[in-house]
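Listed below are the residues making up each chain.
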Amino acid sequence: MRDLLVHPASREEDLGFPLPESPHACSVCLPTWSSVIGYEEGRDKVMRRLRAGYPRFCRNPILERLTVEATKELCSGSEELFLFPTKDGAQRAQRWIERHGKEAARSSAFRGLQAIIVSKKAAPLAIEYQRLTGELVSSRMAEDLLNGGLLTGTKRHLLQRRLATIYGGEQTHVSVFGSGMSAVTAVMRSLQSLARGRKTLQLEFPYVDSLKVQERIGNGVVFLNETEGESFDEALSRIRQGEFAAVFTEVPSNPLLRCPDLPRVSEACREGGTPLVVDDSSVGPSNVNVLPWADVVTGSLTKWLSGAGDVMGGVVIVRSDSEFAGELNAPIRQESEKTAPMYVGDAQVMLSNLKGYPARMDGPNATALRLVEMLVEHPAVAQVWHPSVTHRERYEKVKAAKGGFGPLFSFLLKTPKKTPKFFDALNVSKGPSFGTNFTLASPYVMLAHYRELDWAEGCGISRHLIRVSCGQEDAENLERIFKEALQLA
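Asker: Pulling in residues and values, what's your account of unusual backbone geometry?
Answerer: A cis amide bond, omega 20°, links Asn254 with the succeeding residue Pro255. With an omega of 15°, the peptide bond running from Tyr357 to Pro358 counts as cis. Here Pro358 lies in the loop between helix H14 (344-353) and helix H15 (362-377). Backbone geometry at Lys102 places phi at a positive 60°, although glycine is not the residue there. Along the chain, the position of Lys102 falls in the loop between helix H4 (87-101) and strand E4 (106-110). The class of Lys102 is exposed, set by a relative accessible area of 72%. Phi is positive for His391, which is not a glycine, with a value near 55°. Note that His391 resides in the loop between strand E13 (381-385) and helix H16 (392-398). A relative accessible area of 17% places His391 in the buried class.

Asker: Would you mind going over the sheet that holds strand E9 (residues 247-250) in detail, with residue names and values included?
Answerer: One open sheet accounts for seven strands, arranged E6-E12-E11-E10-E9-E7-E8; its pairing is mixed. In the strand order of this sheet, the two ends are held by strand E6 (174-177) and strand E8 (221-224), each with one partner. Here the average twist between neighbouring strands, direction ignored, is 20°. Alignment of E9 against strand E10 (residues 276-279), held across four bridges, turns out to be parallel. Note on E10: the bridge partner recorded for Glu250 is Asp279.

Asker: Help me get a handle on the packing of helix H3 (residues 61-74) against helix H6 (residues 139-146), residues and values and all.
Answerer: H6 packs onto H3 with a crossing angle of 50° between their chain directions and a minimal axis gap of 8 Å. Our classification of the angle between H3 and H6 gives oblique. As H3 packs across H6, the resulting crossing turns out to be left-handed. Contacts between H3 and H6 involve Ile62, Leu63, Arg65, Leu66 and Glu69 on the former and, on the latter, Ser139, Ala142, Glu143, Leu145 and Leu146. Considered class by class, the residues forming the contact of H3 with H6 number six nonpolar, one polar and three charged.

Asker: Break down the nonpolar core for me, with residues and values.
Answerer: The biggest cluster of nonpolar side chains holds 90 residues, and the ones touching the most others in it are Leu30, Phe409, Phe411, Phe422 and Phe482. No other element matches helix H8 (residues 180-190), which puts six residues into this core. When near neighbours in sequence (up to four residues on either side) are disregarded, Phe482 contacts Leu371, Met374, Phe411, Phe422, Leu426, Val428 and Val468. Ranked by size, the runner-up nonpolar core spans 49 residues in total, among them Ala164, Leu301, Tyr395 and Leu408.

Asker: Can you explain the packing of aromatic side chains? Please cite residues and give values.
Answerer: Per the stated rule, a full pass over the model turns up 12 aromatic pairs. Each ring, one from Trp96 and one from Tyr129, has its centre 5.3 Å from the other, and the planes form 50°; the classification is tilted. With Trp96 in helix H4 and Tyr129 in helix H5 (residues 123-133), this pair connects stretches of sequence that are 33 residues apart. Of the two residues, Trp96 and Tyr129, neither departs from the other in class, the shared state being buried. Taking 6.1 Å as the distance between ring centres and 40° as the angle between the ring planes, the aromatic pair formed by Phe223 and Trp455 counts as tilted. Taken together, the positions of Phe223 in strand E8 and Trp455 in helix H19 (residues 453-458) put the pair 232 residues apart, joining distant regions of the chain. Looking at Phe223, the relative accessible area reads 25%, which means it is partly exposed. Overall, the relative accessible area of 35% leaves Trp455 in the partly exposed class. Across from the ring centre of Phe405, 5.5 Å away, lies the NZ or CZ of Lys399, which sits over that ring. Over the face of the ring belonging to Phe423 we find Lys430, whose NZ or CZ atom lies 5.0 Å from the ring centre.

Here is what the cut-offs are and how they apply
- Residues numbered from 1 in each chain as written.
- Predicted model: local features only at pLDDT ≥ 70, side-chain atom pairs only at ≥ 80, totals over all residues.
- Heavy atoms only, no water.
- Helix = DSSP H or I, 4+ residues; strand = E, 2+ residues; numbered from the N terminus.
- Buried < 20%, exposed > 50% of the residue type's maximum accessible area, 1.4 Å probe, protein only.
- Pairing = 2+ DSSP bridges.
- Axes fitted to C-alpha atoms, helices over the stretch in contact; angles between N-to-C directions.
- Parallel < 35°, antiparallel > 145°, perpendicular 65-115°, else oblique.
- Left-handed = near helix turned anticlockwise from the far one by under 90°.
- Contact = heavy atoms within 4.5 Å.
- Nonpolar A, V, L, I, M, F, W, Y, C, P; charged D, E, K, R; others polar.
- Core = buried A, V, L, I, M, F, W, Y, C linked by side-chain atoms within 4.5 Å.
- Phe/Tyr/Trp six-rings, centres within 6.5 Å; stacked < 30°, edge-to-face > 60°.
- Lys NZ or Arg CZ within 6 Å of the ring centre and 35° of its normal.

Taken by themselves, the reported measurements are silent on function.
As structure tokens, this is what we get:
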């Protein structure tokens, strides 16, 4: 197996290489600017070389084999099939597809799973639904089915106990999911009893699908791109008046690593009787402690908590003394069991990967600080985003007692048109996602917002932004690698 700490996947010949080298990899090498464009446009010369991909955006090859078998058994030639882990989840998907597609879909059991069968015309809606909700059959579940049958039992309680210790919450208020987005979607659904048709409020520019879930699955969203000045004061006033079903934010945000003033937001939410939902995925719970301020915390276990990049998962923690705990905890836990549960095989891997957390965050935290300090002073760099330099005072209000500023940062070159040359020359692994034990770089906006680049740039997010997730490599060597690539900028 290739050691990506020593031999990163960064060159043209690495296109399509799984990151990490595992049949269950959650990322894939896109080593050049042109390969990113080819990926986004679905060009055959790129797509046929992919051996992996982020599971919500690119069907794992193992799951693809299972889907082909199900398709042969259940479909006619004009239909497409999508597998779901539970009947409840599949029925929700069916209703959503029928509502938006204005045509009937059908469902069928398949080897303990549930299949939704749609016309080719409606297939893009099914793809969108699974991408937004993260309600997927995992590669390990598919692999076990292909090899004879699913594992029985559950590791849910062990995982809940471990996560309760990490987050400082109560085990009975911790729910685990098959992906980070299925955790966010579960919160959205559980809010419906409180929503009364009201929209949610999103503070700060978030991860792309966190906003889209509020738009497409919820009742709509009001989006405040920056928590500054009069517009932020007005938002706080509207929160106090109880205008919103809930307030969503990330601490810090992805990809700009910005922070709202969380204590102020929390105070306004409590005055307005409004749930506050905070996602800590970008730096993880070893670096920030947002539970005292939030009613609900969401997180992607796929990223820093796993660290290996070979298993998907999500978590929701409901603060036990929140005024909304009684209304939210039970439906969220039900969602985790009936709609998007974590498969026992994935839970076993997640428990193993959690060993060493949070101590293993120290190295990447320190490496990111070193690189950020270098980039801030570098003549070719226009701007750097990292909690140590972006909203530092706000971040420190929620920084964990033994936490750092996180291993994730973004930056922009002074001459944006030179970004493709820099990116192509950068000798680190390159692909979507973050939080792996090896450094991972991506042109984030090109990957996340390719169909809406003008909108993203209108929000102050340049298409030339580079996001870096620091790993366990030697910091001095990484600094040398970045400086060498910056010579082309």
